[in-house]
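# Notes for the structure review
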Amino acid sequence: MKLTRPVLAMVHGWGMNARIFDGLSDRLALRFDVRALDLPGHGGRAPLAGNTLSSWADDLLRALPDGSALLGWSLGGQLAMRAALDQPDKLSRLILLATTPRFVAAPDWPHGMEMAALSAFGEALRADPHATLLRFLSLQTRGAPDQKSLLQALRQNLQTTAQPHADTLAAGLDILRDTDLRAELPALRLPTLVLHGTLDTLTPAGAGATLAERLPDARLHTFPRAAHAPHLSHPDAVAEAIEGFLHG
């Protein structure tokens, strides 16, 4: 009799696509039914008519079988939290990779990007979407000891897949600007693994620490020499942490 492997779904961040998880998926494929998913308007998918965090969460939930574990990276982590809050019985466990409950900084939230910087990204996106995406990639690798190789891997991901729709990219920036899940964190009771690089400058390490502190059932695993893409810089360690969590 063929044994069924537990489903582990993965959802990527702003401007990227499901292929960014290829290396991590290969490492986990023997023990899990890994399903890396593209956001609407990314990776060749058509955009949705309306682009909000909730509409993307609904779209994601429709693609998942009951009892799935869900990993979200960066913006994908916010989407995963929204999905878990909206339909907690749909999911079994949550993995939050280099993500944050609030992307932009505020007087009571020092762990984010300044609003002016994000607004400048929006203006640049309208002028030159491709160049703006490449600039965003450099922010993801800033601070990493192996920044050059990581940046090349991210650029390769963009060059070998369909480019995201410009309107969807703009909507994604709006989602990053407007989302603030901090007040809802105590209601997210799924067992959760928070994975964060201590050198992350895009979603600083304090954001991951806050998630682990405020979520009712969470554990924090940090990677001392990782920036915003630990699954690329430390794939074996990330895979080991995920396996230990899902089989723990």
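What this report covers is the structure whose coordinates are included nearby. Note that this is a predicted model, so its numbers are computed, not measured.

### Some thoughts on the nonpolar core
By size, the foremost hydrophobic cluster in this structure holds 72 residues, and its most contacted members are Leu-8, Leu-70 and Ile-242. Contacts of Leu-8, omitting those with residues within four sequence positions, involve Leu-28, Phe-32, Asp-33, Val-34, Arg-35, Ala-69, Leu-70, Leu-71, Ile-95, Ile-242 and Leu-246.

### Focus: the pattern of salt bridges
As enumerated under the stated definition, the model contains 14 salt bridges in all. With a closest N to O distance of 2.6 Å, Arg-27 and Asp-236 form a salt bridge. In this pair, Arg-27 is assigned in helix α1 (residues 22–28) and Asp-236 in helix α10 (residues 235–246), connecting sequence segments 209 residues apart. Note on Asp-236: relative accessible area 53%, which makes it exposed. Across the salt bridge formed by Asp-178 and Arg-177, the nearest N and O atoms sit 2.7 Å from each other. Connected through salt bridges with shared partners, the residues Arg-102, Asp-108, Asp-180 and Arg-182 form a single ionic network.

### Notes on the side chain of Asp-200
Note that Asp-200 resides in the loop between β5 (192–197) and α8 (205–214). Its relative accessible area of 4% is what places Asp-200 among the buried residues. A distance of 2.8 Å separates a polar atom in the side chain of Asp-200 from a polar atom in the side chain of His-228. In this view, Asp-200 contacts Ala-98, Ala-205, Ala-226, Ala-227 and His-228; residues no more than four positions away in its chain are not counted.

### A few points about the packing of helix α5 (residues 129–141) against helix α6 (residues 147–159)
Contact pair α5 / α6: the axes reach a minimum separation of 9 Å and the direction vectors enclose 145°. As α5 runs across α6, the sense of the crossing is right-handed. Where α5 approaches α6, its residues Leu-133, Leu-134, Leu-137, Ser-138, Gln-140 and Thr-141 are matched on the opposing element by Gln-147, Leu-150, Leu-151, Leu-154, Arg-155 and Leu-158. Among the residues making up the contact of α5 with α6, the classes are represented as 7 nonpolar, 4 polar and 1 charged.

### Here's the deal with the environment of Arg-93
With respect to the secondary-structure elements, Arg-93 resides in strand β4 (residues 91–97). For Arg-93, the side chain forms a polar contact with the main-chain oxygen of Phe-245, separated by 2.5 Å.

### Side note on the sheet that holds β5
Taking strand neighbours across the sheet as the criterion, the 6 strands line up as β2-β1-β3-β4-β5-β6 in an open arrangement whose pairing is parallel. Here the strands that pair on one side only, and so sit at the sheet edges, are β2 (33–37) and β6 (218–223). Taken pair by pair, the neighbouring strands of this sheet meet at an average axis angle of 20°, ignoring direction. Strand direction decides the pairing type here: β4 and β5, joined by 4 bridges, are parallel. Note on β5: the bridge partner recorded for Leu-97 is Leu-195. Against the sheet, α8 contacts β4, β5 and β6, and its axis sits at roughly 165° relative to β5.

### Focus on α10
If you check α10, its first and last C-alpha atoms are 16 Å apart, about what 12 residues at 1.5 Å a residue would give, namely 16 Å. Along α10, the residues classified as buried are Pro-235, Val-238, Ala-239, Ala-241, Ile-242, Glu-243, Phe-245 and Leu-246.

### Some remarks on the packing of helix α2 (residues 53–62) against helix α3 (residues 75–86)
Axis separation between α2 and α3 bottoms out at 9 Å; the angle between their running directions is 75°. Overall, the two elements α2 and α3 adopt an arrangement that is roughly perpendicular. From α2, Leu-53, Ser-54, Trp-56, Ala-57, Leu-60 and Leu-61 reach across to α3, where they touch Leu-75, Gln-78, Leu-79, Arg-82, Ala-83 and Asp-86.

### What to know about the packing of aromatic side chains
Counted according to the given criterion, the structure contains 1 aromatic pair. When the centroid spacing of 6.5 Å and the interplanar angle of 75° are considered together, the rings of Phe-21 and Trp-73 count as edge-to-face. Residue Phe-21 is located in the loop between β1 (7–11) and α1, and its partner Trp-73 is located in strand β3 (residues 68–73); the two are separated by 52 residues in the primary sequence. Assigned by exposure class, Phe-21 and Trp-73 land together as buried. Here the guanidinium or amino end of Arg-93 rests over the ring plane of Phe-245, the centre of that ring lying 4.9 Å away.

### Some words on the side chain of His-196
In this fold, His-196 is placed in strand β5. Exposure remark for His-196: the relative accessible area of 2% places this residue in the buried category. Within the structure, the side chain of His-196 is placed 3.3 Å from the backbone oxygen of Pro-204, a separation counted as a polar contact. Here His-196 is in contact with Ala-98, Thr-99, Thr-203, Pro-204, Ala-205, Ala-207, Gly-208, His-221, Thr-222 and Phe-223, once residues within four sequence places are set aside.

About the criteria used
- Residues numbered from 1 in each chain as written.
- Predicted model: local features only at pLDDT ≥ 70, side-chain atom pairs only at ≥ 80, totals over all residues.
- Heavy atoms only, no water.
- Core = buried A, V, L, I, M, F, W, Y, C linked by side-chain atoms within 4.5 Å.
- Buried < 20%, exposed > 50% of the residue type's maximum accessible area, 1.4 Å probe, protein only.
- Contact = heavy atoms within 4.5 Å.
- Salt bridge = Lys/Arg side-chain N within 4 Å of Asp/Glu carboxyl O.
- Helix = DSSP H or I, 4+ residues; strand = E, 2+ residues; numbered from the N terminus.
- Polar contact = N/O pair within 3.5 Å; in protein donor to acceptor, adjacent residues only side chain to side chain.
- Axes fitted to C-alpha atoms, helices over the stretch in contact; angles between N-to-C directions.
- Left-handed = near helix turned anticlockwise from the far one by under 90°.
- Nonpolar A, V, L, I, M, F, W, Y, C, P; charged D, E, K, R; others polar.
- Pairing = 2+ DSSP bridges.
- Expected span 1.5 Å × (residues − 1).
- Parallel < 35°, antiparallel > 145°, perpendicular 65-115°, else oblique.
- Phe/Tyr/Trp six-rings, centres within 6.5 Å; stacked < 30°, edge-to-face > 60°.
- Lys NZ or Arg CZ within 6 Å of the ring centre and 35° of its normal.

The analysis is restricted to geometry; functional conclusions fall outside its scope.
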